[in-house]
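Fold and contact review
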Amino acid sequence: MRCVELPLKGAYFIELQSNSDVRGSFCRLFCTEQLQALGLPDTNFVQVNLSDNTKAGTLRGMHYQMQPYEEAKIVYCLKGAVHDVIIDLREDSATFKQHVGIRLSDDKPCALYIPKGFAHGFITLQDHTQLLYLMSQSYHPNHACGYLYNDPAFDIQWPMQPTVISEKDLGYLPFEQPACRFCGTTLQHTFCNLGVSPLSNAYLTSSQLQEKEHFYPLHVYVCSQCLLVQLPTLHTPDEIFSEYAYFSSYSSSWLEHAKAYVNMISKRFKLHEHSYVMELASNDGYLLQFFRQRNIPVLGIEPAKNVAQVARDKGIPTRSDFFGCELAKEYLGQVDLLIANNVLAHVPDLNDFVEGMKRVLKPQGVMTLEFPHLLRLMDENQFDTIYHEHFSYFSLLSVQRVFAAHGLMIFDVEQLPTHGGSLRIYVKHAEDLCKQQEPSVQKLIEEEKSKGLDMLETYLQFERQAQEVRADLLSFLQQAHQDNKTVIAYGAPAKGNTLLNYCGLNTKFLPFTVDKNTYKQGRFLPGTHIPIFSPSKILEIKPDYVLILPWNLKQEIMSEMEAVHQWGGRFVVPIPKLTLI
């Protein structure tokens, strides 16, 4: 038996000696006297555990026990192979927060000695892998803790993406507790934990299917102080929005919505050829084109370069930049109408963004913003609208606090049917006395309060609804599979990727999906690797069921695909609860 100290002080790789003859082999796994002579502390083991893992890709970790029940352990691989990882959690250690990964397998007798003060986990590299643990402490469930296996604080490079992982292991809080992006309060309360998922708009090419795919926690918190529902910032906006897969002009109903807005807002605020309209996250010019038709000067701010170029090709002046206080310096007090549709939720630095909006607005200018309404999300169980690109989820109560902190006032609000239920808020400078607050604002505030959105306890009950939808959808798909029924999906929206990854689905249950967006056709959904085809594929295959992922467009889709009913097919809508049409 030979011990080799690892880069993390106190942790050892143990080489075991195996003696073989005609009978087989013999190997001493443990000897207190020998380990103590080698200088290993804490060799008084009181518990032995066996970990049996059926599938390769099974991940357990990262586990540890809090004081006074910190445990040392020796881990042996009896069968199969694992990539074993330990993290140094000793705050007084020179290697604090550092980790080491070691391969343990049955083809080479060896073990790993893990001292107290370490987190431990592994991923199986083969089916039917067994590990034996010697523990210096008994298991104490009230002191058992862990960190998420891909917590960015540790940046562990696992050799493969986990395919099997427990709800408990997916639910651990991050090592570095996030703070509320508005008020700075430490986030401690879970609104909804959807496990881990890749970025919802990170569609894959066929060549990328063999590459490592990055998954991130989709753990949503609610701030106990300001009640802002939010995801911690785990990646930069450049990772998400520098090239974007969503083009607004592919939805005919959204174009009609934009056109109606331009007609309304131009009349209400008497916009003309000397007015100046700026839109943030202007996408492919879907909205600004209607102002241009009225000869009203416009400027789009769109960070996704591929999308911004489409707008410029239409003749819409567009800058490929992220908006904030720095960019606002170039347009101080110049804008009559500032538009931000479905972008406020995408902003990690919320205060910088809103302050920038204030700075570009003329003294009597108006800004309008549209965003999904948190009340509708909760009432109608729209948990699939939670994804990494959406950093924040707003009620009128919470968004009012944000704007008031920057000297801005919401003076009108409309409830819209778009995106499953959205708000359009009208905002002015607080010192602008020309516009009175409409009764609609206070009326909706009272409605939100009546639903408990001013109380923390209301938010803590939401996660159960998501779990029920997952159970119902999985049950339906499993039954359809057993009955040899064909189920395909319609659409490749971000919300669909959240749903499918949360349910752990793949091509076994959904062989493909279709989408009108030619950018997505020929690619694969992130995480699930379901291929994306043109909608004409449905007419070719004639499936028994069509699962509508962009359920907010279900009427438009069912109208366009009415031929499905001609061969006896049915539509399936997963949200707010599973419905067959």
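Whatever comes next refers back to the structure up there.
Structure report, in brief. Just so it is clear, the structure is predicted and the values come from calculations on it, not from any experiment. (Residues numbered from 1 in each chain as written. Predicted model: local features only at pLDDT ≥ 70, side-chain atom pairs only at ≥ 80, totals over all residues. Heavy atoms only, no water.)

Things to note about the pairing of strand E12 (residues 129-135)
Burial runs high along E12: six of the seven residues are buried. As judged from the seven bridges shared by strand E5 (residues 47-53) and E12, these two strands associate in the antiparallel manner. Pairing of Asn 49 across the sheet is with Tyr 133, part of E12. Relative to E12, strand E7 (residues 73-79) is paired through six bridges, and the arrangement is antiparallel. Its bridge partner lying in E12, Val 75 is registered against Tyr 133. (Buried < 20%, exposed > 50% of the residue type's maximum accessible area, 1.4 Å probe, protein only. Helix = DSSP H or I, 4+ residues; strand = E, 2+ residues; numbered from the N terminus. Pairing = 2+ DSSP bridges.)

Quick notes on empty space enclosed by the protein
This structure, assessed with the given rule, holds three cavities of 30 Å³ or more. Size it by volume and the largest cavity reaches roughly 120 Å³. Along its surface, the largest cavity is lined by 13 residues, and Leu 148, Pro 174, Pro 217, His 219 and Tyr 221 are the ones closest to its centre. For the lining of the largest cavity, the element with the most residues is strand E15 (residues 216-222), which contributes three residues. For the second largest cavity, the calculated volume is near 60 Å³. At the level of elements, strand E21 (361-372), helix H9 (374-379) and strand E22 (392-393) are the ones that each hand at least two residues to the lining of the second largest cavity. For the lining of the second largest cavity, the class distribution of residues is seven nonpolar, four polar and no charged. (1 Å grid on protein atoms, 1.4 Å probe; cavity = no way out; pocket = protein on both sides within 12 Å on 5 of 7 lines; lining within 4 Å. Points joined across faces, edges and corners; volume = space filled by probe spheres on them. Nonpolar A, V, L, I, M, F, W, Y, C, P; charged D, E, K, R; others polar.)

Considerations on the sheet that holds strand E1 (residues 2-5)
With respect to topology, six strands assemble into an open sheet ordered E1-E2-E10-E7-E12-E5, the strand pairing being antiparallel. Every other strand in the sheet has two partners, leaving E1 and E5 as the edge strands with one partner each. Averaged over all pairs of adjacent strands, the angle between strand axes in this sheet comes to 25 degrees, irrespective of strand direction. Bridge count for E7 against strand E10 (residues 110-114) is four bridges, and the pairing is antiparallel. Note on E10: the bridge partner recorded for Ile 74 is Tyr 113. (Axes fitted to C-alpha atoms, helices over the stretch in contact; angles between N-to-C directions.)

Observations concerning the packing of aromatic side chains
Under the counting rule described, the total for this entry stands at 18 aromatic pairs. Ring geometry for Phe 269 against Tyr 426: centres 6.4 Å apart, planes inclined by 40 degrees, an arrangement best described as tilted. Of this pair, Phe 269 sits in the loop between helix H4 (252-268) and strand E17 (277-280) while Tyr 426 sits in strand E24 (residues 422-429), placing them 157 residues apart in sequence. For Phe 269, a relative accessible area of 23% translates into the label partly exposed. Overall, the relative accessible area of 0% leaves Tyr 426 in the buried class. Each ring, one from Phe 383 and one from Tyr 502, has its centre 5.6 Å from the other, and the planes form 70 degrees; the classification is edge-to-face. Of this pair, Phe 383 sits in the loop between H9 and E22 while Tyr 502 sits in helix H14 (residues 494-503), and the two are 119 residues apart along the sequence. According to the relative accessible area criterion, Tyr 502 is buried, its value standing at 8%. (Phe/Tyr/Trp six-rings, centres within 6.5 Å; stacked < 30°, edge-to-face > 60°.)

Focus: helix H13 (residues 463-482)
Here H13 spans 29 Å end to end across 20 residues, near enough to the 28 Å set by a 1.5 Å rise per residue. Every buried residue belonging to H13 is among Ala 466, Val 469, Arg 470, Leu 473, Phe 476, Leu 477 and Ala 480, and all of these are buried. Looking down the long axis of H13, one finds its buried residues gathered within 135 degrees of arc, a one-sided arrangement. Of the residues one or two after H13, Asn 484 is the one with positive phi, at around 60 degrees. (Expected span 1.5 Å × (residues − 1). Arc of directions from axis to C-beta.)

A look at the pattern of salt bridges
For the coordinates displayed, the defined rule picks out 24 salt bridges. In this structure, Asp 321 engages Arg 319 in a salt bridge whose closest nitrogen and oxygen atoms are separated by 3.0 Å. Under the relative-accessibility criterion, Asp 321 is labelled partly exposed at 28%. Look at Arg 319 and you get partly exposed, because its relative accessible area is 22%. Each of Arg 376, Asp 379, Glu 380, Glu 447 and Lys 451 takes part in a single network of salt bridges with overlapping partners. (Salt bridge = Lys/Arg side-chain N within 4 Å of Asp/Glu carboxyl O.)

Focus on the side chain of Asp 384
Tracing the chain through its elements places Asp 384 in the loop between H9 and E22. One buried charged residue, Asp 384, remains without a salt bridge, the closest side chain of opposite sign being Lys 495 at 6.0 Å. Only 2.6 Å separates the side chain of Asp 384 from the side chain of Trp 551, close enough to count as a polar contact. (Lys, Arg positive; Asp, Glu negative; His and termini not counted. Polar contact = N/O pair within 3.5 Å; in protein donor to acceptor, adjacent residues only side chain to side chain.)

Details of the state of the cysteines
With the rule as written, the count across this model stands at zero disulfides. Cys 503 carries a free sulfur, and the closest cysteine sulfur to it, the one in Cys 192, is 12 Å from it. For Cys 503, a relative accessible area of 8% corresponds to the buried category. (Disulfide = S-S within 2.5 Å.)

Quick notes on H14
It helps to recall that an α-helix has 3.6 residues per turn; residues three or four apart then point in one direction. With ten of ten residues buried, H14 lies mostly within the body of the structure. Among the residues making up H14, those that are buried are Ala 494, Lys 495, Gly 496, Asn 497, Thr 498, Leu 499, Leu 500, Asn 501, Tyr 502 and Cys 503. Tucked into the core, H14 has its buried residues touching strand E14 (189-197), E15 and H13. Phi turns positive, to about 70 degrees, at Gly 504, one or two residues after H14. (Contact = heavy atoms within 4.5 Å.)

Overview of the nonpolar core
One broad trend across soluble globular proteins is that nonpolar side chains are buried collectively. Phe 191, Phe 323, Leu 369, Phe 383, Leu 396, Phe 403 and Ile 425 are the most contacted members of the largest nonpolar core, which has 105 residues in total. If one sorts the elements of this core by residue count, H13 sits on top with six residues. Grouped together as the second largest cluster of nonpolar side chains are 21 residues, Leu 271, Ala 311, Leu 337 and Tyr 426 included. (Core = buried A, V, L, I, M, F, W, Y, C linked by side-chain atoms within 4.5 Å.)

Here we look at the packing of helix H10 (residues 396-404) against helix H11 (residues 439-450)
Axis angle and axis distance: for two packed helices, these are the angle between their axes and the distance between the axes, and together they describe the pair. The contact between H10 and H11 brings their axes to 9 Å, and the two run at 125 degrees. With respect to H11, the element H10 is oriented oblique. Only Val 441, Leu 444, Ile 445, Glu 448 and Lys 449 of H11 make contact with H10, whose side of the interface consists of Leu 396, Leu 397 and Gln 400. Here the residues of the contact of H10 with H11 sort into five nonpolar, one polar and two charged. (Parallel < 35°, antiparallel > 145°, perpendicular 65-115°, else oblique.)

As for the environment of Ser 251
With respect to the element layout, Ser 251 can be found in the loop between helix H3 (237-241) and H4. Each C-alpha atom, one on Ser 251 and one on Leu 553, is 8.8 Å from the other, the two residues being 302 residues apart in sequence. Those residues within four positions of Ser 251 in sequence are excluded, and the remaining contacts are Leu 553 and Glu 556.

Function cannot be inferred from these measures alone, as they are strictly geometric.
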